Protein chains: 2
Amino acid sequence: MKIALAQLNYIIGDFEHNTQKIIQTIQEARHKGANLVVFAELSVCGYSPRDFLEFSEFIELSEKSAKEIAAACTGIACILGLPTANPKIEGKDLYNSAWFIENTELKAVVNKALLPNYDVFDEYRYFEPSVDFSCIEFMGHKIALTICEDLWNINDNPMYTNCPMDELIKEKPDLMINIAASPFAYNHDEERVRILGDNCRKYQLPLFYVNQVGAQTEIIFDGGSLVFDGSGMLLNEMAYFSEELAVYEFDNGKVKGFEPTMHDPQNDIHQIHDALILGIKDYFMKSGFSKAILGLSGGIDSALVCALASEALGPENVMAVLMPSEFSSDHSVQDALDLVRNLGCKHEIIPINQAASAFENTMKPVFKNLPFNVAEENIQARSRAIIVMAMSNKFGYILLNTSNKSECAVGYGTLYGDMAGAISVLGDVYKTQVYKLSNYINREREIIPLNSIIKPPSAELRPGQRDSDSLPDYEILDEILFQYIELKKSSSEIIKQGFDESLVKKILRMVNVAEFKRNQAAPILRVSPKAFGMGRRLPIVGKYLN
Amino acid sequence: MKIALAQLNYIIGDFEHNTQKIIQTIQEARHKGANLVVFAELSVCGYSPRDFLEFSEFIELSEKSAKEIAAACTGIACILGLPTANPKIEGKDLYNSAWFIENTELKAVVNKALLPNYDVFDEYRYFEPSVDFSCIEFMGHKIALTICEDLWNINDNPMYTNCPMDELIKEKPDLMINIAASPFAYNHDEERVRILGDNCRKYQLPLFYVNQVGAQTEIIFDGGSLVFDGSGMLLNEMAYFSEELAVYEFDNGKVKGFEPTMHDPQNDIHQIHDALILGIKDYFMKSGFSKAILGLSGGIDSALVCALASEALGPENVMAVLMPSEFSSDHSVQDALDLVRNLGCKHEIIPINQAASAFENTMKPVFKNLPFNVAEENIQARSRAIIVMAMSNKFGYILLNTSNKSECAVGYGTLYGDMAGAISVLGDVYKTQVYKLSNYINREREIIPLNSIIKPPSAELRPGQRDSDSLPDYEILDEILFQYIELKKSSSEIIKQGFDESLVKKILRMVNVAEFKRNQAAPILRVSPKAFGMGRRLPIVGKYLN
């Protein structure tokens, strides 16, 4: 039996696009001699359609597309993912399903049993967990077909009280197939290889695992579909961050032509780089835009975003706007111009002095002689947002936000100012990682000017301002933030590790108080196991740790 | 037996505040002769703490507070709501629990079985559903104690496959107690009375139902705790939108001194008014602010918000900023000034001409002679946001957003401009309801100038602009939006009702395309069964209906 794994990039709710792509891939798989071609979880509608699942028309369109695909499935079998109506009166109205189609006929439907409902996942919002389990017979094989999370309940503190494979194994299948929508985080590939291998070892079965690829706003699917033998040895690891169709010959419990191999753990920074490139590319491609704009300060964050955008979209599609003020240091403009020259992207220099003076005059009757403070600082940041948004409105650019995760965490940013943007490129990248990514960008030649990398970080909103005036060193800050955000440690647990008590309490309080800002922030490309945004939901008004 | 129902306003994560309030109420209930005092769901920590539930310290603090409350519970029993650790290895780590405390001793723990995970609810994100059911014995009574959603599974298409009361009834209880966190929507009081009455009729048991009151950012708990007899007749309906402690004498299956009564359905507009007042009041009180600011255009939306804020916070705490431009009509400033005079709130007049000119000059080298378009319109809206945010930063005002639901729906608003604000007062109020609310404000005397109510709506961002240039009449628009947003109808279903096909398709497309704006909008006080925000989650990049 020849099994093709189709690792594709879907567009949420674009039934025509997804259907055509799937049908073409079926033709290609057939051409390559495949007997079965396997697509990812919710491949027909894209993952995740979120509350579109509550529209009955959306479910009807999913089923209609799946039938169209089935009709094209002559002389081959395929596995598709789609939402389907739950025929039972009791329970939620939908299942997260896999259709097994053989030679145009729907032969079996498998429904997902374990519904992830943590971090960025909301599946129990829509789906009823399945409690029926049976294997699929195909070409003399018995396939244990499961959907993503169904294989993720084997650890010492299982999140679910049941385990689908414990049921399916009773029918003595001879292979496992799992269709997934497993998003990228820099540590997630290792986790996947380990958990899926554990399944093979536990059930003594080979596994064909298909993930999807492509970014859906903030969620980035990295592909990396996997094939294991029945002893849990990894046989093949498909491409990361790109589409791939691969055909495997499976007979007598063996995958022909593949020897056990080791997962090659990539450097986190390299992976984050590739994820961000795909995230930017797909955001623009899927929303029908091609040109990006950003404010370029001469600092490291906007320089890095400019370099990433130029790589993702082509430098000719990137407009960098330099908006110096009276507080901008002499080198800032030069550093920004050096970067623009290195990248070959477009730029404009639009000083904000006139706007800042106009607001100063406008506010004079109200502010009188009150001293310069955060109000005036924010006027500068917001005037810059007006300028880049005006360019966006006039010329059709999409604004990239350049705030990093450390800033987002402590609220070091101006709402409606430098926090503006359609998508945040670095909002899940700590400042210490920003440095590493910048050095990675410069791995072959100096693209980001060394001066942008080595100078002390500053928002340049008042004379001589430095980040270190109000924040600890980023090495310390980021470690405290990581303990709190990723590891969910309490202040006392963090202090026990040797950090200064008042500093830890101050930082945690800053994080919580800034929730109102993050609530209005741009969606953030997710590259870590805990990003701000839909995967981290906190009360805006509340007192814990405030 | 005397049962006290304590309908209180909690602060999320403010353990000290909640604990003190609960202990004081226990003392008061004891003073009134109560044998048992009942508090709402998650009363110890406030509803909902959201991802704070993932911090083990938060759970420890909840249990610590509950023990402190138990220690104060001498000579009386109480029922408290709090999250507790699930001792089982399998399943999620927490339960949503009720503690039954009698004379300082924890006598029973009841865990919630049905976990709402739709609209604004995410309970399956945190909690394991209980599968163990038993009644509580107290003073010769057998109490069937359940938590909120546990009683909500009786209808023709039940969302859950089990029903806690079907289990508890086997032990032959003689009364039901339900502790809840049931948020306001203008139709929800009727629904509650019906569903809870259905439970009494089905199980032939009286019911004591305690809701909480108070706003938690966007979610507004309206109180309205209820007592039913064993035939499902309503005996008492507690206060809406305010705290109340009531003591009931329950003996021989009867509540002494109460005759069957009818639920008094309030006018929706009256309810929405009261909810918005509480929403504003609690947002400020719970976040430690007292002074509000808003831009006052002379139009109806900002006039209504100004009136509501003046009522909620006192007119002396409301600063209305008039920011006329060259496109402002003559009457706009006068209408705004009339309102300020009628309310007695503070005001400033800060024209935006200087700022707009400065941006015009600043952009000139880039925009050259390109015609005036949305770019220049948005510069005006964003300049206004800079001004009110500068006032906010300088003087500690909190900015109220004045966009209505119709505008939020179709994206008729400027991101980082008139969409700015800490909290949106009218984002869940359609324009047609804005008129009704304004007339309600004027029910005794003209507070909102009639001229603001009757003049054709306009954003006044270019000469002679009117909303009707690009939108249908609000009566038609709002009906189409209601069908799509609240009822989740497809375009074909809406068209079948007689609406113009191209109009329906255009409107639905506008709603979907504006998702990127709503994603960065202020949190919206929720008054309808389907508000924009955490209760409506849609992909930003996606093609369905775009």
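Rules used in this analysis
- Residues numbered from 1 in each chain as written.
- Chains lettered and ligands numbered in written order.
- Predicted model: local features only at pLDDT ≥ 70, side-chain atom pairs only at ≥ 80, totals over all residues.
- Helix = DSSP H or I, 4+ residues; strand = E, 2+ residues; numbered from the N terminus.
- Rg over C-alpha atoms; globule rule 2.2 N^0.38 Å.
- Buried ≥ 20, exposed ≤ 12 C-beta atoms within 10 Å, placed from the backbone.
- Contact = placed C-beta atoms within 7 Å.
- Pairing = 2+ DSSP bridges.
- Axes fitted to C-alpha atoms, helices over the stretch in contact; angles between N-to-C directions.
- Core = buried A, V, L, I, M, F, W, Y, C linked by C-beta atoms within 7 Å.
- Parallel < 35°, antiparallel > 145°, perpendicular 65-115°, else oblique.
- Left-handed = near helix turned anticlockwise from the far one by under 90°.
- Nonpolar A, V, L, I, M, F, W, Y, C, P; charged D, E, K, R; others polar.
- Domains from an automatic or database assignment.
- Expected span 1.5 Å × (residues − 1).
- Arc of directions from axis to C-beta.
- Least-squares fit on C-alpha atoms with pLDDT ≥ 70 in both.
- Right-handed = clockwise from strand over helix to strand, strands pointing away.

S.K.: Describe the overall build of chain A, listing the residues and the values that go with them.
M.R.: Along chain A, the regular secondary structure elements total 16 helices and 20 strands. For 546 residues, the compact-globule estimate of 2.2 N^0.38 gives 24 Å, and the C-alpha radius of gyration of chain A, at 26 Å, lies within 12% of that figure. Taken along its principal axes, the extent of the C-alpha atoms in chain A is 85 × 50 × 50 Å. Across the 546 residues that make up chain A, the buried fraction comes to 58%. Pairs at least 24 apart in sequence give 73% of the contacts found in chain A among residues at least 6 apart.

S.K.: So what's going on with the sheet that holds strand 4 (residues 94–102) of chain B? Residues and values would help.
M.R.: Residues and elements named next belong to chain B. Strands sit in the order 5-4-3-2-1-14-15 across an open sheet of seven strands; the sheet is mixed. Strands at the two margins of the open sheet, each flanked by one partner only, are strand 5 (105–111) and strand 15 (254–255). Here strand 3 (residues 77–85) pairs with strand 4 via nine bridges, running antiparallel. Within strand 4, the residue paired with L82 across the bridge is S97. Against the sheet, helix 1 (residues 15–31) makes contact with strand 1 (2–7), strand 2 (36–38), strand 3 and strand 14 (244–251), and its axis sits at roughly 45° relative to strand 14, the strand it touches most. Contacting strand 3, strand 4 and strand 5, helix 2 (residues 56–71) runs over the sheet at an angle of about 165° to strand 3.

S.K.: Account for the nonpolar core, naming residues and giving values.
M.R.: Of all hydrophobic cores here, the largest spans 384 residues; its most connected members are V38 and C306 of chain A together with V38 and C306 of chain B. Excluding its chain neighbours within four sequence positions, the residues that come into contact with V38 of chain A are I3, A4, L5, A6, I79, I177, I179, F208 and V210 of chain A.

S.K.: Explain the packing of helix 8 (residues 353–367) of chain A against helix 9 (residues 374–395) of chain B to me, using residue names and the numbers behind them.
M.R.: At a closest axis distance of 11 Å, the pairing of helix 8 of chain A and helix 9 of chain B adopts a crossing angle of 45°. With respect to each other, helix 8 of chain A and helix 9 of chain B are oriented oblique. For the pair helix 8 of chain A and helix 9 of chain B, the crossing hand works out as right-handed. Residues F359, T362, M363, V366 and F367 of chain A of helix 8 of chain A pack against I386, I387, A390, M391 and K394 of chain B of helix 9 of chain B. For the contact of helix 8 of chain A with helix 9 of chain B, the class distribution of residues is eight nonpolar, one polar and one charged.

S.K.: I'd like to hear about the domain arrangement of chain A, residue by residue, with values.
M.R.: Residue and element names in this part refer to chain A. When its domains are assigned, chain A resolves into domain 1 (2–254) and domain 2 (271–471). Between the C-alpha centres of domain 1 and domain 2 there is a distance of 40 Å. If you look at the interface, domain 1 gives 10 residues, while domain 2 gives nine residues. Only strand 10 (213–216) and strand 11 (219–222) provide two or more residues apiece to the side of domain 1 that touches domain 2.

S.K.: Please give an account of the environment of W152 of chain B that cites residues and values.
M.R.: Looking at the secondary structure, you find W152 of chain B in the loop between strand 7 (141–147) and helix 3 (164–168). Ignoring sequence-local partners within four residues, the contact set of W152 of chain B consists of L114 and I195 of chain B.

S.K.: Talk me through the pairing of strand 14 (residues 244–251) of chain A; I want residue IDs and the actual numbers.
M.R.: Residue and element names in this part refer to chain A. With six bridges joining them, strand 1 (residues 2–7) and strand 14 adopt antiparallel strand pairing. Across the sheet, L5 pairs through a bridge with A246, a residue of strand 14. When strand 14 meets strand 15 (residues 254–255), the two strands line up antiparallel, connected through two bridges. Along strand 15, the bridge assignment pairs D251 with K254.

S.K.: Please set out the interface of chain B and chain A residue by residue, giving values where relevant.
M.R.: Many descriptions give the size of an interface as the accessible area lost when the pieces come together. Contact residues are listed per partner, giving 77 residues for chain B and 77 residues for chain A. Elements supplying a minimum of two residues to the side of chain B that touches chain A: helix 2, helix 5 (268–287), helix 8 (353–367) and helix 9 of chain B. Sort the elements by how many residues they give to the side of chain B that touches chain A and helix 9 of chain B lands first, with 14 residues. Across the side of chain B that touches chain A, the residue classes break down as 42 nonpolar, 18 polar and 17 charged.

S.K.: How would you summarise the sheet that holds strand 9 (residues 207–210) of chain A if you had to cite specific residues and measurements?
M.R.: Residues and elements named next belong to chain A. Here we have six strands laid out as an open sheet, ordered 6-7-8-9-12-13, and mixed in their pairing. The strands lining the two open edges of the sheet, one partner per strand, are strand 6 (136–138) and strand 13 (234–237). Ignoring which end each strand starts from, the neighbouring axes of this sheet average 20° apart. On top of the sheet, helix 4 (residues 188–203) reaches strand 8 (175–179), strand 9, strand 12 (226–228) and strand 13; it is set at about 30° to strand 12, its chief contact.

S.K.: Hey, could you go over helix 2 of chain B for me, with residue numbers and the actual values?
M.R.: Residue and element names in this part refer to chain B. With 16 residues, helix 2 should cover 22 Å at 1.5 Å per step; its first-to-last C-alpha distance of 23 Å lies within 8% of that length. Residues F58, I59, L61, S62, S65, A66 and I69 constitute the buried set of helix 2. In an axial view of helix 2, the angular spread of the buried residues amounts to 160°, which keeps them on one side of the axis. Summarising the geometry of helix 2, the exposed residues directed more than 90 degrees from the buried face are E60 and A71. Among the structural elements, helix 1, strand 3 and strand 4 are those in contact with the buried residues of helix 2.

S.K.: Which residues make up the relation of the copies chain B and chain A, and what values do they have?
M.R.: The operation relating the two chain copies consists of a rotation about an axis and a shift along that axis. Taken as rigid bodies, chain B and chain A are interconverted by a rotation of 180° and an axial shift of 0.0 Å, the fit giving an RMSD of 0.0 Å. Both chain copies can therefore be described as sitting about a two-fold axis. Scanning chain B for the C-alpha nearest the rotation axis identifies Q520 of chain B, at a separation of 2.1 Å. A high fraction, 100%, of the interface residues of chain B reappear at the interface in chain A, so the copies pair face to face through one surface.

S.K.: Explain the pairing of strand 8 (residues 175–179) of chain B residue by residue, including any values.
M.R.: Residue and element names in this part refer to chain B. Extensive coverage of strand 8 is indicated by the burial of five of its five residues. Side-chain alternation along strand 8 places L175, I177 and I179 on one buried face and M176 and N178 on a second face that is also buried. Bridge count between strand 8 and strand 9 (residues 207–210): four bridges; the pairing is parallel. Looking at the pairing, I179 lines up with V210 of strand 9. Assessed by its sense of winding, the connection that carries the chain from strand 8 through helix 4 (residues 188–203) to strand 9 is right-handed.

S.K.: So what's going on with unusual backbone geometry? Which residues, and what values?
M.R.: All names here are of chain A. For the bond from Y47 to S48, the omega torsion is -5°, close enough to zero to count as cis. Relative to the assigned elements, S48 resides in the loop between strand 2 (36–38) and helix 2 (56–71). Non-glycine residue D119 carries a positive phi angle of around 45°. At E460, a residue that is not glycine, the phi angle is positive and equals roughly 50°. Position of E460 among the secondary structure elements: in the loop between helix 12 (450–454) and helix 13 (474–485).

S.K.: So what about the packing of helix 8 of chain A against helix 8 of chain B? Which residues, and what values?
M.R.: The contact between helix 8 of chain A and helix 8 of chain B brings their axes to 8 Å, and the two run at 170°. Here helix 8 of chain A lies roughly antiparallel to helix 8 of chain B, going by the angle between them. Across the interface between the two elements, Q354, A355, A358, F359, N361 and T362 of chain A from helix 8 of chain A touch Q354, A355, A358, F359, N361 and T362 of chain B from helix 8 of chain B. Of the residues assigned to the contact of helix 8 of chain A with helix 8 of chain B, the class counts are six nonpolar, six polar and no charged.

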